[in-house]
Amino acid sequence: MTVTNTDTPVTTASNAAADTEGAVGSARSERLSALVQQHGALAVLVIVSIVASFGFDSFATGDNVSNMATSSAFLAIVALGMTFVIVTGGIDLSVGSLFALGGVLAAWGSRHGTLVALLLPLLVCGLIGVVNGLLVARSRLAPFIVTLAAMLGARGLMLALTDEGADTYLIGKGSFLAELGQGSTLGLGNPVWITLALFVAGAVVLRRTRFGQHVYAVGGNEDAAALMGAPVARTKILVYTLSGVLAGLAGALNAAWLASGVTILGNGMELDAISAVVIGGTLLTGGLGYVSGSLVGVLLLKVIQNVINQIGSLDSSYQLVVSGAFLALVVIAQTWLGRRRQLM
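Quantities reported herein were computed from a predicted structural model and do not represent experimental measurements.

## Here's the deal with the overall build of the chain
Then, number 1: A tally of helices and strands in the chain yields 13 helices and two strands.
Then, number 2: In the chain, buried positions account for 44% of the 344 residues.
Then, number 3: Contacts in the chain between residues at least 24 apart in sequence constitute 76% of all its contacts with a sequence separation of at least 6.

Right, here's the structure in full:
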């Protein structure tokens, strides 16, 4: 007598359905994790802005929004260059000093015309970026040490140009450079429009060009990128050069805005830029990052600072506490999301 087992097909179908459901759930969870990482800072920015708008009468006014946008522009330009560096898995601690140096060079060069005032900081700061990139890419030195040395060197060069900060170079009123920094179009300062244009260009470069794909590949796995034929060394040199140029440009625009090359600016700006980039969803380990997220990170830091100023009874140092707390939470969240993806 032959016994037919009729349970096996039913069990197999049940297991297949369960596996399919598990795969769908895993894919949905992965998409949700990616969405949180990419747009989490934007959600927080919207919530904080709405709460502040109801809590403070002067927060959502045109003048306050315009002032926040303009003051955010300079840090945003620095953060844009930092985004490219961090996506490759590097770090650039020299941008704060390059920002200050760029401002002094622009103010000094304004005596010889607007063209000199704009090109000089770009060339000098870009050259320092090239040196950073060569030492990191060709000599294989740690980016932290290389850019720390560049930070000290750029700050020293700036102090030498200003006689230890005793000399302050001014930008003449009515010049094209002053108009570039202090003028406005459609209610927003010219630096804001320049920043938006740079971020659009940066997003296109990072997402739609071969160079951008090389940036992601180097940050994801440098050895694998080299095996695929990506120019690893050239990519690193270019991102550090870009970071230096943008830091110098931000300094020049800030000097035009203030009509002088202020020597005390830029201290700690590298940490603000790194914080904004990481808060915006870029991984410190490299391989993943968003230009738009960096802009959101800058705006979030500025909104928090403005809210603290609106409260009035809180010292400005609380902004550092809140920014540090945000950064710690974001890094913890990124680590958790990364581990969760590995387990999927």
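Read on for the rest.
## A word on the side chain of S294
Then, number 1: Mapped onto the secondary structure, S294 falls in helix α12 (residues 291-311).
Then, number 2: Judged by relative accessible area, which is 0%, S294 ranks as buried.
Then, number 3: Apart from the residues within four sequence positions on either side, S294 is in contact with A79, T83, F199, A276, V277, G280 and T282.

## Quick word on the environment of G156
Then, number 1: Relative to the assigned elements, G156 resides in helix α5 (residues 143-161).
Then, number 2: By relative accessible area, G156 is classed as partly exposed at 35%.

## Concerning the nonpolar core
Then, number 1: Counting 70 residues, the largest nonpolar core has V78, M82, F84, L98, L101 and I274 as its most contacted members.
Then, number 2: Of the residues forming this core, the biggest block, 13 residues, is contributed by helix α2 (residues 62-87).
Then, number 3: Leave out the neighbours within four places in its chain, and L98 touches C125, I128, A154, G244, A247 and G248.

## Points about empty space enclosed by the protein
Then, number 1: Scanning the model with the defined rule gives one cavity of 30 Å³ or more in all.
Then, number 2: Roughly 40 Å³ of volume is contained in the largest cavity.
Then, number 3: Surrounding the largest cavity, F99, A100, G103, V104, G251, N254, A255, S260, G261, V262 and L265 form its lining.
Then, number 4: Those elements giving two or more residues to the lining of the largest cavity turn out to be α3 (95-109) and α10 (232-258).

## Considerations on the packing of α3 against helix α4 (residues 114-137)
Then, number 1: Relative orientation of the contacting elements α3 and α4 amounts to 150°, with a least axis distance of 7 Å. Considered as vectors, α3 and α4 are oriented roughly antiparallel to each other. For α3 against α4, the interelement crossing comes out right-handed. Contact with α3, carried on its side by L98, L101, G102, L105, A106, W108 and G109, involves V116, A117, L120, P121, V124, C125 and I128 of α4 and no other residues of that element.

## Some remarks on the pattern of salt bridges
Then, number 1: Under the definition given, this model contains two salt bridges.
Then, number 2: R140 is the salt-bridge partner of E222, the closest N and O atoms lying 3.6 Å from each other. In this pair, E222 is assigned in helix α9 (residues 222-227) and R140 in the loop between α4 and α5, connecting sequence segments 82 residues apart.
Then, number 3: Given a relative accessible area of 25%, E222 falls into the partly exposed group.
Then, number 4: The exposure class of R140 is exposed, given its relative accessible area of 66%.
Then, number 5: Close ionic contact of E222 with K236 constitutes a salt bridge, the shortest N to O distance being 2.9 Å. Highlighted residues: E222 in helix α9 and K236 in helix α10, separated in sequence by 14 residues.

## A closer look at the side chain of H214
Then, number 1: Topologically, H214 is positioned in helix α8 (residues 210-220).
Then, number 2: Residue class for H214 comes out buried when judged on its relative accessible area of 17%.

## Considerations on helix α7 (residues 190-208)
Then, number 1: An ideal rise of 1.5 Å per residue puts 27 Å on 19 residues; α7 measures up with 27 Å between its terminal C-alpha atoms.
Then, number 2: By the burial criterion, the buried members of α7 are N190, P191, V192, T195, F199, G202 and L206.
Then, number 3: Residues of α7 that are buried in the fold lie against α2, α6 (176-182), β1 (184-185), β2 (188-189), α8 and α12.

## A few points about the packing of aromatic side chains
Then, number 1: Scanning all chains against the criterion turns up two aromatic pairs.
Then, number 2: With a centroid separation of 6.3 Å and 15° between ring planes, the pair formed by F84 and F211 is classed as stacked. Taken together, the residues F84 in helix α2 and F211 in helix α8 connect sequence positions 127 residues apart.

## Here's the deal with unusual backbone geometry
Then, number 1: Non-glycine residue L186 carries a positive phi angle of around 55°.
Then, number 2: When its relative accessible area of 78% is taken as the criterion, L186 is described as exposed.
Then, number 3: Here the phi dihedral of A259 falls at roughly 65°; this positive angle occurs in a residue that is not glycine.
Then, number 4: Examined against the element boundaries, A259 turns out to sit in the loop between α10 and α11 (269-279).

## Observations regarding a nonpolar patch on the surface
Then, number 1: Residues L42, V46, I50 and F54 make up a contiguous nonpolar surface patch of about 410 Å² in total accessible area.
Then, number 2: On the secondary structure map, L42 appears in helix α1 (residues 7-55).
Then, number 3: For L42, a relative accessible area of 38% corresponds to the partly exposed category.

What counts and what doesn't
Residues numbered from 1 in each chain as written. Predicted model: local features only at pLDDT ≥ 70, side-chain atom pairs only at ≥ 80, totals over all residues. Heavy atoms only, no water. Helix = DSSP H or I, 4+ residues; strand = E, 2+ residues; numbered from the N terminus. Buried < 20%, exposed > 50% of the residue type's maximum accessible area, 1.4 Å probe, protein only. Contact = heavy atoms within 4.5 Å. Core = buried A, V, L, I, M, F, W, Y, C linked by side-chain atoms within 4.5 Å. 1 Å grid on protein atoms, 1.4 Å probe; cavity = no way out; pocket = protein on both sides within 12 Å on 5 of 7 lines; lining within 4 Å. Points joined across faces, edges and corners; volume = space filled by probe spheres on them. Axes fitted to C-alpha atoms, helices over the stretch in contact; angles between N-to-C directions. Parallel < 35°, antiparallel > 145°, perpendicular 65-115°, else oblique. Left-handed = near helix turned anticlockwise from the far one by under 90°. Salt bridge = Lys/Arg side-chain N within 4 Å of Asp/Glu carboxyl O. Expected span 1.5 Å × (residues − 1). Phe/Tyr/Trp six-rings, centres within 6.5 Å; stacked < 30°, edge-to-face > 60°. Patch = residues over 30% accessible without salt bridge, like charges linked within 9 Å, V, L, I, M, F, W, Y side chains within 5 Å. Areas by Shrake-Rupley, 256 points an atom, 1.4 Å probe, with all protein chains shown as cover.

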